Amino acid sequence: MIEQNQYEKNPKKLFWISFFFNLSALTSVITLFYIHRGLNFTQISLLGVIVSLAIILFEIPTGMISDVVGRKKSVVFGVLLLLAHAIVYVFAHNFITFSIGVLFFAIAMAFFSGCITAIIYDSLKTIKKEDQAKKYIGRYRSAQILASIVIPPIASIIAKDLLNQQFIILLTINIIGYLIALFIALTIHEAPHKLEKPSKEGLLKGSFYQIVNNPSLLKLSFNQGLGFVCVLAFGALLWQPYFQQLDIPLVFFGTIFAISNIVSFFLFRNVDKLENLFGFKLTLFLTSFLPGIFLILMIYFFSPIIAIIGFFVISILIPLRDPLFVDYKNRHIASHNRATTISIISMFYSLLAAIVQPIVGFLADINLNYAFAFLALILIFNPIFFNINGKDIVSKN
């Protein structure tokens, strides 16, 4: 009974771990921080490339480590790497040192991507509550949103003069957050998963085989992955220059972003209720189709009102699908190699992003409308080509 109570606490612990390692006090001034520390725009963009390549490179090895040595240890390793990342940033004043810092960050993200949802799902499965997985995964994802609501406005005030000591204060906030996350991670009570000896194919081959030989898991992965790369490209490349073309004052960007996160926070906390209200088929369809339609509206109606509503629809609805897909995918994945399998799928998403983002960037250089149309086509046809039906969300384990 005591063990069961400990397993029930794991999702809540992971919520707070996510909150504290996502404080990201530098986010609202990160570009200015890099420039202040001597980097140019080319070097800043190269740091992003290093993160993407490192995540692809380490995604599968960290998932395998998680399955072999334990998910709790992987979370601890990840937080320790974030701590190292922040400490390096305190002293970094050149591209090489920052590259080491972002490498630590990327490997930490790779550790988290496979093991955290595996801990949540296996904890719930152990206490026979896996049917509530989407609710708890939604709450876990909401922690990052909560952190992005609370911290950036405070950070902007602290760093108002862009002085080095002000940046140090922001990095200290991050370090304190990582230390709190580390303390909580050490209290996780890991649920048992079958630590079987690898099959003939080995852990990696077994996980890959599990994906490619499961049409439902493939459909779920493609459907989620295409939505992921679209919202990533929209958020990283398109909405800010589009808003500037509409002469929306820069001072409102942060307010609009914060409102989006506030709405997302409450929706993520209740994603299971939304699924019950609309049904899984309609929920998955609308959260891809509607953002695609609004991208088209933003092309033909050059209006601040349409732009702001479109931003909310795209930035809120597409990420809202993630807890549902995490639950549905885990139903098809065996416990003993769950983290490795999830890591392979996450690596696939990174590869998709590596393909789609340069295309979006190329089209945006020609005309933003071309980039909007490209993403709209993906989002509108995604739920049609990769239609999810009842048998696709039925547990296979």
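For every chain, the first residue of its written sequence is number 1, and the numbers climb from 1 along that sequence. The predicted nature of this model means local features are confined to residues of pLDDT at least 70 and side-chain atom pairs, given and counted, to a pLDDT of 80 or more, with totals for whole chains, interfaces and linings taken over all residues. Hydrogens are left out, water is left out, and the side-chain values use all remaining heavy atoms of the structure.

Chemist: Is there a simple way to think about the overall build of the protein chain in this case?
Modeler: Numbering of helices and strands runs from the N terminus; a helix is a DSSP stretch of H or I covering at least four residues, while a strand is a stretch of E covering at least two. On a plain count of helices and strands, the protein chain comes out with 16 helices and zero strands. Among the 397 residues that make up the protein chain, the fraction classed as buried is 51%. Taking all contacts inside the protein chain whose residues are at least 6 apart in sequence as the whole, residues at least 24 apart take part in 85%. Exposure categories follow from relative accessible area, calculated using a 1.4 Å probe and restricted to protein chains: below 20% of the type maximum is buried, above 50% is exposed, and the middle band is partly exposed. We call two residues in contact when some of their heavy atoms are within 4.5 Å.

Chemist: Sorry, what's going on with unusual backbone geometry here?
Modeler: Only a minority of non-glycine residues have a phi that is not negative, and only a minority of peptide bonds are not trans. The phi torsion at Asp247 lies on the positive side, around 60 degrees, for a residue other than glycine. For Asp247, a relative accessible area of 65% puts it in the exposed group.

Chemist: Any chance you could explain the packing of aromatic side chains here in plain terms?
Modeler: Here the distance between the centres and the angle between the planes together describe a pair of aromatic rings. Two rings from Phe, Tyr or Trp (for Trp, the six-membered ring) form a pair when their centres are within 6.5 Å of each other. A pair whose planes differ by under 30 degrees is stacked, one over 60 is edge-to-face, and the rest are tilted. Across all of its chains, the model carries 27 aromatic pairs by this definition. On the numbers, 4.9 Å between centres and 15 degrees between planes, the contact of Phe285 with Phe289 is stacked. Here the residue Phe285 and the residue Phe289 both occupy positions in helix 12 (residues 280-300), the gap between them amounting to four residues, near one helical turn. Owing to a relative accessible area of 24%, Phe289 belongs among the partly exposed residues under this scheme. Taken together, the ring pairs in this structure connect Phe234, Tyr242, Phe243, Phe302, Phe311, Phe312 and Phe372 into an aromatic cluster.

Chemist: How should the nonpolar core be read in this particular structure?
Modeler: Side chains of nonpolar character tend, in soluble globular proteins, to be buried together. Here, the term nonpolar core denotes a set of buried Ala, Val, Leu, Ile, Met, Phe, Trp, Tyr and Cys residues that are joined through side-chain atoms within 4.5 Å. Ranked by size, the top nonpolar core spans 61 residues in total, and within it Ile17, Phe21, Val75 and Ile116 carry the most contacts. Elements with a minimum of two residues in this core: helix 1 (2-21), helix 2 (30-36), helix 3 (41-69), helix 4 (71-91), helix 5 (95-126), helix 6 (133-158) and helix 7 (164-185). When residues of this core are assigned to their parent elements, the largest contribution, 13 residues, is made by helix 5. Aside from chain neighbours lying at most four places away, what touches Ile116 is Leu14, Phe21, Val75 and Tyr140. Counting residues in hydrophobic clusters, the runner-up holds 32 residues, among them Leu295, Phe311, Ala371 and Leu379.

Chemist: Which parts of the structure should I look at to understand the side chain of Lys329?
Modeler: Tracing the backbone through its elements, the reader meets Lys329 in helix 14 (residues 322-330). Despite its burial, Lys329 pairs with no opposite charge, the nearest such side chain being Asp322 at 7.4 Å. Looking at Lys329, its side chain comes within polar contact range of the side chain of Gln224, at 2.6 Å. Nitrogen and oxygen atoms within 3.5 Å of one another constitute a polar contact, given that in protein one can donate a hydrogen and the other can accept it, and given that sequence-neighbouring residues count only through two side-chain atoms. Engagement of the side chain of Lys329 in a polar contact is seen with the side chain of Tyr349, the distance being 3.2 Å. Once residues lying within four places of it in the same chain are set aside, the contact partners of Lys329 are Leu217, Leu220, Ser221, Gln224, Ile345 and Tyr349. This count recognises Lys and Arg as positive and Asp and Glu as negative, with His and chain-terminal groups excluded. A carboxyl oxygen of Asp or Glu within 4 Å of a side-chain nitrogen of Lys or Arg is what we treat as a salt bridge.

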